[in-house]
Amino acid sequence: ICKNKKDGKQLAAAKLLQKPDQCRGVLAVSHLFWSGASKATEGKPTKDGKKVVDCLKKGLKIAKQCMDPGVQVQLLVEILNHYVLFYEAGNAQISVDMIKEIVALVQGELGGLEAGDESEQIGQHFRNSLLHMKVRREAEGSGLYLGVDL
């Protein structure tokens, strides 16, 4: 569970019933720790990279507990996309090695899915994510995703 100690509220995303809902809830909570300026933060943006990574790791742990392989791989792709989002937003706590690890995990699990519409959609989602990273890496002057096998 990710906690916001500043105001004492506990964000109970991990208390939801279904594992996919728990995972997506924790991923959504990560955005609370990396957001734009607001009245609640006195006009300052919230950029707590460590708490973001804690939420993403919690989501990864929950995703690995899913029994349905298709749902598990879909969640892994969604988690990868969150890592990518925060990496590109400048979260220094997220390394290229973390992204490489998740890419490898998705590739391994994706290969084990039965052929069908669901696995094709998940595969396309993953390919789109890789294409996004490749385009960003090849952009002029970009140092993003160096070392990631795309």
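Check the entry above for the structure.
Residues numbered from 1 in each chain as written. Predicted model: local features only at pLDDT ≥ 70, side-chain atom pairs only at ≥ 80, totals over all residues. Heavy atoms only, no water.

A.B. asks: Looking at this model, I keep getting lost on the pattern of salt bridges. Mind explaining?
C.D. replies: Two side chains bearing opposite charge may form a pair once their charged atoms approach each other closely. According to the stated counting rule, one finds six salt bridges in the structure shown. Across the salt bridge formed by Lys51 and Asp48, the nearest N and O atoms sit 3.9 Å from each other. Accessibility expressed as a relative area gives 25% for Lys51, which makes it partly exposed. In this structure, the salt-bridge partner of Arg136 is Glu88, at a minimum N-O distance of 3.6 Å. One end of the pair, Arg136, is in helix H5 (residues 117-138); the other, Glu88, is in helix H3 (residues 69-88), and 48 residues separate them in sequence. Taking relative accessible area as the criterion, Arg136 reaches 34% and is therefore assigned partly exposed. (Salt bridge = Lys/Arg side-chain N within 4 Å of Asp/Glu carboxyl O. Buried < 20%, exposed > 50% of the residue type's maximum accessible area, 1.4 Å probe, protein only. Helix = DSSP H or I, 4+ residues; strand = E, 2+ residues; numbered from the N terminus.)

A.B. asks: I'm lost on unusual backbone geometry in this one. Help?
C.D. replies: Excluding glycine, most residues fall at negative phi; most peptide bonds, likewise, are trans. For Tyr145, which is not glycine, the phi dihedral falls at a positive 60 degrees. Counting through the fold element by element, Tyr145 comes out in the segment after H5.

A.B. asks: Sorry, what's going on with the packing of aromatic side chains here?
C.D. replies: The geometry of two aromatic rings is summed up by the distance between their centres and the angle between their planes. Under the definition given, this model contains two aromatic pairs. Residues Tyr87 and Tyr145 carry aromatic rings whose centres are separated by 5.0 Å and whose planes lie at 50 degrees to one another, so their mutual orientation is tilted. Within this pair, whereas Tyr87 is found in helix H3, its partner Tyr145 is found in the segment after H5, the two being separated by 58 residues in sequence. Just as Tyr87 is buried, Tyr145 falls in that class too. (Phe/Tyr/Trp six-rings, centres within 6.5 Å; stacked < 30°, edge-to-face > 60°.)

A.B. asks: Please explain the nonpolar core as it appears in this structure.
C.D. replies: Proteins that are soluble and globular tend to have nonpolar side chains buried together. Counting 39 residues, the largest nonpolar core has Ile79, Leu80, Ile94, Ile99, Phe126, Met133 and Tyr145 as its most contacted members. Elements with a minimum of two residues in this core: helix H1 (19-30), helix H2 (49-64), H3, helix H4 (96-110) and H5. (Core = buried A, V, L, I, M, F, W, Y, C linked by side-chain atoms within 4.5 Å.)

A.B. asks: Help me out: how do you make sense of H5 in this one?
C.D. replies: Think of an α-helix as turning once every 3.6 residues; residues three or four places apart then point the same way. The terminal C-alpha atoms of H5, which comprises 22 residues, lie 31 Å apart, in line with the 32 Å expected from a rise of 1.5 Å per residue. Those residues of H5 lying buried are Ser119, Ile122, Gly123, Phe126, Ser129, Leu130 and Met133. Down the axis of H5, the smallest arc covering the buried residues is 120 degrees, so these residues share one side. Facing away from the buried side of H5 by more than 90 degrees, the exposed set consists of Asp117, Gln121, Val135 and Glu138. As for H5, its buried residues are in contact with H3 and H4. (Expected span 1.5 Å × (residues − 1). Arc of directions from axis to C-beta. Contact = heavy atoms within 4.5 Å.)

A.B. asks: Hey, could you run me through the environment of Gly59 in this one?
C.D. replies: With respect to the helices and strands, the residue Gly59 is situated in helix H2. Judged by its relative accessible area of 0%, Gly59 falls in the buried class. For Gly59 and Ala28, which are 31 residues apart along the polypeptide, the C-alpha to C-alpha distance reads 9.7 Å.

A.B. asks: Before we go on, may I ask you to explain the side chain of Ser30 in this structure?
C.D. replies: Within the element layout of this structure, Ser30 appears in helix H1. In terms of polar contacts, Ser30 uses its side chain to reach the backbone carbonyl oxygen of Leu27, at 2.4 Å. When near neighbours in sequence (up to four residues on either side) are disregarded, Ser30 contacts Val52, Cys55, Leu56, His82 and Phe86. (Polar contact = N/O pair within 3.5 Å; in protein donor to acceptor, adjacent residues only side chain to side chain.)

A.B. asks: Looking at this model, I keep getting lost on the state of the cysteines. Mind explaining?
C.D. replies: Covalent bonding between the sulfur atoms of two cysteines defines a disulfide. This structure, assessed with the given rule, holds zero disulfides. Cysteine Cys23 is unpaired, with the sulfur of Cys66 as its nearest cysteine sulfur at 6.7 Å. Here Cys23 falls in the buried class, since its relative accessible area comes to 0%. (Disulfide = S-S within 2.5 Å.)

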